[in-house]
Amino acid sequence: QLFANFFCGKMCGCQLQLCGICALAQEGREVDELVLPERRRLDYVTFQSYMEYFNDIRKLRMEKNGNLFSHYASLSKLSRILIKSLAAGI
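Residues numbered from 1 in each chain as written. Predicted model: local features only at pLDDT ≥ 70, side-chain atom pairs only at ≥ 80, totals over all residues. Heavy atoms only, no water.

A.B. asks: How do you make sense of a nonpolar patch on the surface when you look at a structure like this?
C.D. replies: Among the surface-exposed residues, Val31, Leu34 and Val35 lie close enough to one another that they form a single nonpolar patch of about 260 Å² accessible area. Note that Leu34 resides in helix H2 (residues 20-34). Residue classification places Leu34 among the exposed positions, given a relative accessible area of 69%. (Patch = residues over 30% accessible without salt bridge, like charges linked within 9 Å, V, L, I, M, F, W, Y side chains within 5 Å. Areas by Shrake-Rupley, 256 points an atom, 1.4 Å probe, with all protein chains shown as cover. Salt bridge = Lys/Arg side-chain N within 4 Å of Asp/Glu carboxyl O. Helix = DSSP H or I, 4+ residues; strand = E, 2+ residues; numbered from the N terminus. Buried < 20%, exposed > 50% of the residue type's maximum accessible area, 1.4 Å probe, protein only.)

Pasting the structure below:
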């Protein structure tokens, strides 16, 4: 916080950007204000939203469902691709 106040101190409600890291921090603050946290949580390989598959996995855990196919169906796209690749390699 001291670093931010010293180098990127607030002036008239705006951030003064003196170096590259200040610009990156400002971009982060802008993204935080514009995009909901749920929309920012995604897989950066497949760009699949975390919320698309997490609720199904959570339900399976709470129900203590041991069905392997139910768990496979609720995995993310990347996880399914990795499991298929592992099975093909074996």
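Read on for the rest.
A.B. asks: Is there a simple way to explain the environment of Lys77 in this structure?
C.D. replies: Within the secondary structure, Lys77 sits in helix H6 (residues 77-89). Considered as a pair, Lys77 and Asp43 are 34 residues apart in the sequence and their alpha carbons are 9.2 Å apart. Discounting residues that sit within four places of it in the chain, Lys77 has contacts with Thr46 and Gln48. (Contact = heavy atoms within 4.5 Å.)

A.B. asks: Just to check I follow, could you spell out the pattern of salt bridges for this structure?
C.D. replies: Oppositely charged side chains are able to pair whenever their charged atoms sit close together. Scanning the model with the defined rule gives one salt bridge in all. Among the salt bridges present, the one from Arg40 reaches Asp32, with a minimum N-O distance of 2.7 Å.

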